[in-house]
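# An overview of the molecular structure
So you can see what is in the structure, the chains are spelled out below.
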Amino acid sequence: MNDSDLVRRAIQAATGAGADVPIGAVVFAPDGTVLAEACNAREALGDPTAHAEILALREAATKYGDGWRLDGCTLAVTLEPCTMCAGALVLARVSRLVFGAWEPKTGAVGSLWDVVRDRRLNHRPEVHGGVLEEECADLLERFFRTQR
């Protein structure tokens, strides 16, 4: 699978968000199989940490590796991760991050901060941002248009 295919799968995951902001995340094993996928569920679960990335990382960690390390895995997400999610993927030792739309207000992978490339940390994943950026941004624009 190429990076566009990975983000397309995350877009599919985002469609299940219901009343939540439509963000989807998928964790792929080194061989390309899907370990976990999730959409935002903060509203559904009443949990401020229920971002798509966190939910997908938690599930993937139960299926792969030693219970928390996701060495060799790729996380694909429709929106640039926030500080919490960027920190979590670094701590989980995700090898690659592929994301769609940039998030200038809260993005922590180059927009506002750059948590994943901080040289003080002991792990820095490979990052590919802006993959299918317009499609991912359109998901959010349509959602917020209906909220106004």
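See above for the structure.
So, here is what we can say about the structure in this document.

Scoring rules and cut-offs
- Throughout, residues of each chain are indexed from 1 in the direction in which the sequence is written.
- Per-residue local features of the predicted model are confined to residues with pLDDT of at least 70, and side-chain atom pairs are confined, for both listing and counting, to 80 or more; whole-chain, interface and lining totals are unaffected and use all residues.
- Hydrogens and waters are ignored; side-chain quantities use all the structure's heavy atoms.
- Note: two strands are recorded as paired if DSSP finds a minimum of 2 bridges between them.
- Note on conventions: DSSP H or I runs of at least 4 residues are helices, E runs of at least 2 residues are strands, and numbering of each starts at the N terminus.
- An axis is simply a line fitted to the C-alpha atoms; with a helix, the fit covers only the stretch in contact. Between two such axes, the angle follows the N-to-C directions and lies from 0 to 180 degrees.
- Should any heavy atoms of two residues lie within 4.5 Å, those residues are counted as being in contact.
- Under the scheme applied here, a residue whose accessible area is under 20% of the maximum for its type counts as buried, over 50% as exposed, and between as partly exposed, the area being computed with a 1.4 Å probe on protein chains only.
- By the counting scheme adopted, Arg and Lys are positive, Glu and Asp are negative, and His together with the chain ends is not counted.
- Salt bridge criterion: a side-chain nitrogen from Lys or Arg within 4 Å of a carboxyl oxygen from Asp or Glu.
- Pairing of aromatic rings covers Phe, Tyr and Trp, the last through its six-membered ring, and needs centres within 6.5 Å; plane angles under 30 degrees mean stacked, over 60 mean edge-to-face, and all others mean tilted.
- Crossovers are marked right-handed if the path from the first strand over the helix to the second runs clockwise, as seen with the strands pointing away from the viewer.

Reading across the sheet, the 5 strands line up as β2-β1-β3-β4-β5 and stay open at both edges, with mixed pairing between neighbours. Two strands bound the open sheet, and with one partner strand each, they are β2 (34-39) and β5 (126-128). With strand direction ignored, the average angle separating the axes of adjacent strands in the sheet is 15°. Across the sheet, helix α3 (residues 52-63) lies against β1 (24-28), β2 and β3 (74-79), angled at about 155° from β2, the strand it touches most.

What follows deals with the side chain of E53. Tracing the chain through its elements places E53 in helix α3. Buried and unpaired, E53 has no salt bridge, with R42 as the nearest side chain of opposite charge at 9.1 Å. Residues in contact with E53, not counting those within four places in the same chain, are I23, A25, L75, V77, L79, P81 and C85.

This next bit is on the packing of aromatic side chains. Applying the stated rule across the entire model yields 2 aromatic pairs. Here F99 and W102 contribute two aromatic rings whose centre-to-centre distance is 4.8 Å and whose plane-to-plane angle is 80°, an arrangement assigned as edge-to-face. The class for W102 is partly exposed, based on a relative accessible area of 34%. A centroid spacing of 5.1 Å and a plane angle of 80° characterise the contact between F143 and F144, whose relative ring orientation is edge-to-face.

Here we take up the pairing of β3. Taken across its 6 residues, β3 has 6 buried, putting it largely inside the fold. In the sheet, β1 pairs with β3 via 4 bridges, with the strands oriented antiparallel. Looking across to β3, one finds that V26 is bridged to A76. One ladder, built from 5 bridges, connects β3 with strand β4 (residues 96-101); its direction is parallel. Its bridge partner lying in β4, A76 is registered against V98. With helix α4 (residues 83-91) bridging β3 and its parallel neighbour β4, the resulting β-α-β unit is right-handed.

Below, the discussion takes up the pattern of salt bridges. Per the counting criterion, the structure on display carries 9 salt bridges. Its salt-bridge partner being E59, residue K63 comes within 2.8 Å of it at the nearest N-O pair. One end of the pair, K63, and the other, E59, are both in helix α3, 4 residues apart, so they sit about a helical turn from each other. One salt bridge in this structure joins R96 and E126, with 3.4 Å as the shortest N-O distance. Placement of the pair is R96 in strand β4 and E126 in strand β5, with a sequence separation of 30 residues. The exposure class of E126 is partly exposed, given its relative accessible area of 41%. The network of salt bridges with shared partners includes D3, R96 and E126.

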